[in-house]
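Inside the fold
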Amino acid sequence: MQQPVTPGNSEAFEPDRKLSRREFARRTALAATTAVVVPASLLSQEAAPNPAPAPGARPQTSPPLSPELQAEGELKYQWIIQNYGSRLTDAEKQDVHRLVMEGQKPLAAFRAFPLDNPDQPATVLKFTDAEISGEGNRK
Amino acid sequence: MAVSEEVLYLTVRELGDQIRTRQLSPVELTQAYLDRSKKLGPQLNAYATLTPDLALQQARQAEDEISKGHYRGPLHGIPYAAKDLLAVKGYPTTWGAKPYQNQRFDYTATVINKLNEAGAVLLGKAAMIELAGGLGYRFAAASATGAAKNPWNTNCWTCGSSSGSGAIVASAMAAFAIGTETWGSIVCPAAFCGVSGLRPTFGRVGRVGAMALSYSMDKIGPMCRSAEDCALVLTAVSGHDPSDAGSLPELQARFTYGAPAKALRVARIEKAWENPDPDIAAAFEQALGVLQKSGAAISSVQLPEGPYETAGGIVISVEAASAYSTLIESGGVAQLSDPLSRVGGYVAQTTNSQDFIRAQRIRRVLQHKMDVIFQQFDVLVAPSQPNAASTLDTNLETDLSFADPIGGIGNLCGLPAQSVPCGFTKGGLPIGIQFLAQVLNDSAVVATAETFQAHTDWHHKHPALH
């Protein structure tokens, strides 16, 4: 079933406006999430660094991550370290950890967005019938 | 005969009229743009490569054809620059990135071929943010050619990723440029540089020969000195590209600009930006006044709220991680210029497949929500950006961070957008206004912008360069 399509309606989730960022490019790094299956043995291989705030960084106003999202973020970080850790400096590891955790922040709202079983993915971007139907009188 | 700076700042339409009537020589015009590009290009870090031999050969051919009465159309003999992610056979195509400094292709991008057919003259490849920012970036200097400098204030940035394209058009180093946008890469440089930029409907311009960042969000579009010029260029480069899986069928891909038969329904986007610069807010209100005086009835609308920016970020993240997988997995990312680019790919690779599909399903829901809005309105309007050009050393991640629901929704849904200049800050930096419309309604954004430019002269202002 399709969701209600009233413009500007309020959804039963927290909008991510406060968490989003300006540059699409930066989003590509910050919006990343993971559910990579990481062997439990890996979890103790390297502790997550304690990232220092970047110079000039704004105080974080976002709510703290849930324990589940925090744990998921740590798994992601460990996956990166397992695969690429030898290439990264300590500072880069701190950066990666911070980026992963930043990317976790909008996921609660994202995953709470109501979808129903028939809501299909636009895996290849195709336009809706309404988008296409008006084409003839737009030229 | 020497070509004056005033001529170099003419629009494509104006230059074309002079070329068609043989008042202006394509060869002399090309040489003048090349001379200016050689002088100003290095100062602004605007070009990756100049192609003078090719340019002069194309210009001589145009001049010869026109002298024999074979005039191809409004781009015939018009010099332009192309973002350096578009392949030109035999010339470097670096994607703005050090790992690809020696990359050359044995074919030419569809969009360049179309411009060749239109008789346009390629002056060179415009500098860009490395990989179009596909792996993230933190600083304006995220490019193999260094930070592109804004012609209005060389201590400021052009925005990215079509950074050189913005600088080149703003400083009259070419009559127009080709840029690309996945999220903001035409609209933002157009706003920061005070030029007119058109992000076409997804699928209108073929992408064969263009670097892929996000297969379902990459668009190619013109950056010019007027909205009318953007329409002229889009007319030439649009059309079905059989080897591009995202290309629309010819009937839909082909753009033919025509003024709307009836008055367009325009709506300002409420709360488009959370904290816009006061100068920008004031300029925007004045711009709305201009539109109203020109006959537009302006309503207001709120964009649907939802995790659309997150969804867009996830789509880009996954597609970029796949597009650049070889570079990421080989460790080649270590050669990139920006500290975020060097690690962003590793983070992007960890995206959850369920989240990716969820993002695509949310995208579909959003398309339907936008359908409802576009049943009521033809064009939505907002400031192009909430701030003017940032300084070259700004940390974009920490010091220039804000929500962008218009860019998120517009790009996730493949909607066309046109940004045109609408004023200046007290510090003399350009301000842009953007128009957004339903898929395939590119004519509406052009028409609204053209109406605005018919009543203003912001697009005729030039930076002082020496």
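Presented here is an overview of the structure given in this document. (Residues numbered from 1 in each chain as written. Chains lettered and ligands numbered in written order. Predicted model: local features only at pLDDT ≥ 70, side-chain atom pairs only at ≥ 80, totals over all residues. Heavy atoms only, no water.)

**Some thoughts on the overall build of chain B**
In terms of regular secondary structure, chain B is built from 17 helices and 13 strands. Against the globule reference of 23 Å for 466 residues, chain B gives a C-alpha radius of gyration of 20 Å, in line with a compact fold. The principal-axis extent of the C-alpha atoms belonging to chain B is close to 60 × 55 × 45 Å. The burial tally for chain B puts 69% of its 466 residues in the buried class. (Helix = DSSP H or I, 4+ residues; strand = E, 2+ residues; numbered from the N terminus. Rg over C-alpha atoms; globule rule 2.2 N^0.38 Å. Buried < 20%, exposed > 50% of the residue type's maximum accessible area, 1.4 Å probe, protein only.)

**Some thoughts on the overall build of chain A**
Looking only at helices and strands, chain A has five helices and zero strands in total. Scanning chain A from its N terminus toward the C terminus, one meets helices and strands in the order α-α-α-α-α. Relative to its 139 residues, chain A shows a buried fraction of 46%. Within chain A, contacts between residues separated by at least 24 positions form 82% of all contacts whose residues are at least 6 apart in sequence. By element, 55% of the accessible surface of chain A is carried by carbon and sulfur atoms, the whole surface being about 7,100 Å². (Contact = heavy atoms within 4.5 Å. Areas by Shrake-Rupley, 256 points an atom, 1.4 Å probe, with all protein chains shown as cover.)

**Notes on the pattern of salt bridges**
All names here are of chain B. All chains considered together, the criterion is met by 23 salt bridges over all chains. For Glu228, the salt bridge is made with Arg13, and the minimal N-O distance between the two is 2.8 Å. Of the two residues, Glu228 sits in helix H8 (residues 227-237) while Arg13 sits in helix H2 (residues 12-20), which places them 215 residues apart along the sequence. Glu228 gets classed as partly exposed once you look at its relative accessible area, which sits at 25%. The partner of Glu250 in a salt bridge is Arg254, with the nearest N and O atoms 3.1 Å apart. Of the residues examined, Arg254 reaches a relative accessible area of 28% and is grouped as partly exposed. (Salt bridge = Lys/Arg side-chain N within 4 Å of Asp/Glu carboxyl O.)

**Here's the deal with the state of the cysteines**
Residues and elements named next belong to chain B. Enumeration over the complete set of coordinates arrives at one disulfide over all chains. Cys156 takes part in no disulfide bond, and the closest cysteine sulfur to it belongs to Cys193, at a distance of 10 Å. The exposure class assigned to Cys156 is buried, which follows from its relative accessible area of 5%. Counting only cysteine sulfurs, Cys159 is the nearest neighbor of Cys193, a cysteine outside any disulfide, at a range of 8.2 Å. (Disulfide = S-S within 2.5 Å.)

**So, the packing of helix H11 (residues 308-323) of chain B against helix H16 (residues 405-412) of chain B**
Residue and element names in this part refer to chain B. Between H11 and H16, the least distance of the axes is 9 Å, while the angle of their chain directions is 55°. The angle between the axes of H11 and H16 places the two elements in the oblique class. In this structure, H11 crosses over H16, and the sense of that crossing is left-handed. Two secondary-structure elements touch here, H11 through Tyr308, Glu309, Ala311, Gly312 and Val315 and H16 through Pro405, Gly408, Ile409 and Leu412. (Axes fitted to C-alpha atoms, helices over the stretch in contact; angles between N-to-C directions. Parallel < 35°, antiparallel > 145°, perpendicular 65-115°, else oblique. Left-handed = near helix turned anticlockwise from the far one by under 90°.)

**Details of the pairing of strand E5 (residues 153-157) of chain B**
Residues and elements named next belong to chain B. As judged from the two bridges shared by strand E4 (residues 149-150) and E5, these two strands associate in the antiparallel manner. Among the inter-strand pairings, Asn150 is bridged to a residue of E5, identified as Asn153. As consecutive antiparallel partners, E4 and E5 are separated by two residues. (Pairing = 2+ DSSP bridges.)

**Details of the environment of B:Ala283**
Residue and element names in this part refer to chain B. Here Ala283 shows up in helix H10 (residues 278-293). Taking relative accessible area as the criterion, Ala283 reaches 7% and is therefore assigned buried. Once the C-alpha coordinates of Ala283 and Ile78 are considered, the two residues, 205 residues apart in sequence, prove to be 32 Å apart. Once you skip the residues sitting within four places of it in the chain, Ala283 turns out to touch Cys422 and Ile431.

**Section: the nonpolar core**
Counting residues in each nonpolar core, the largest one holds 185 residues, and the members touching the most others are B:Leu86, B:Leu131, B:Phe176, B:Met370 and B:Leu380. Discounting chain neighbours no more than four positions away, the residues touching B:Met370 are B:Leu303, B:Pro304, B:Leu380, B:Ile409, B:Cys413 and B:Leu415. (Core = buried A, V, L, I, M, F, W, Y, C linked by side-chain atoms within 4.5 Å.)

**Remarks on the sheet that holds strand E6 (residues 176-181) of chain B**
Where strands meet in a sheet, backbone hydrogen bonds hold them as pairs that are either parallel or antiparallel. Residue and element names in this part refer to chain B. Reading across from one edge, E1-E3-E2-E6-E8-E7-E12-E13-E11-E9-E10 is the order of the 11 strands in this open sheet, with mixed pairing throughout. Two strands lie at the open edges of the sheet, namely strand E1 (47-50) and strand E10 (298-301), each paired on one side alone. Shown here is a sheet whose adjacent strand axes are inclined to one another by a mean of 30°, direction ignored. The strands that helix H3 (residues 26-44) touches are E1, strand E2 (79-83) and strand E3 (121-126); relative to E1, the one it contacts most, it runs at about 135°. Across the sheet, helix H17 (residues 442-454) lies against strand E7 (196-199), strand E11 (379-383), strand E12 (417-424) and strand E13 (430-437), angled at about 20° from E12, the strand it touches most.

**Let's talk about helix H2 (residues 67-84) of chain A**
Taking 1.5 Å per residue as the helical rise, H2(A) with its 18 residues ought to reach 26 Å, and the 25 Å between its terminal C-alpha atoms agrees with that figure. Among the residues of H2(A), A:Leu69, A:Glu72, A:Gly73, A:Lys76, A:Tyr77, A:Gln78, A:Trp79, A:Ile80, A:Ile81 and A:Tyr84 are the ones counted as buried. The inward-facing, buried residues of H2(A) abut helix H3 (90-104) and helix H4 (107-112) of chain A together with helix H12 (325-330) and helix H13 (339-348) of chain B. (Expected span 1.5 Å × (residues − 1).)

**Comments concerning the packing of H3(B) against helix H4 (residues 52-67) of chain B**
Residue and element names in this part refer to chain B. Remark: H3 packs on H4, axes separated minimally by 8 Å, with the N-to-C direction vectors making an angle of 160°. With respect to each other, H3 and H4 are oriented roughly antiparallel. Relative to H4, H3 is oriented so that their crossing is right-handed. For the pair H3 and H4, contact is made by Pro26, Val27, Thr30, Gln31 and Leu34 and by Pro52, Ala55, Leu56, Ala59, Arg60, Ala62, Glu63 and Ile66, respectively.

**Description of H13(B)**
Residue and element names in this part refer to chain B. Within H13, eight of the 10 residues are buried, leaving the element largely enclosed by the surrounding structure. The set of residues buried in H13 consists of Leu340, Ser341, Val343, Gly344, Gly345, Tyr346, Val347 and Ala348. Regarding H13, its N-cap is Asp338, as a side-chain oxygen of that residue lies 2.9 Å from the backbone nitrogen of Leu340 further along. (Polar contact = N/O pair within 3.5 Å; in protein donor to acceptor, adjacent residues only side chain to side chain.)

Functional significance is not addressed by these values, which are geometric in nature.
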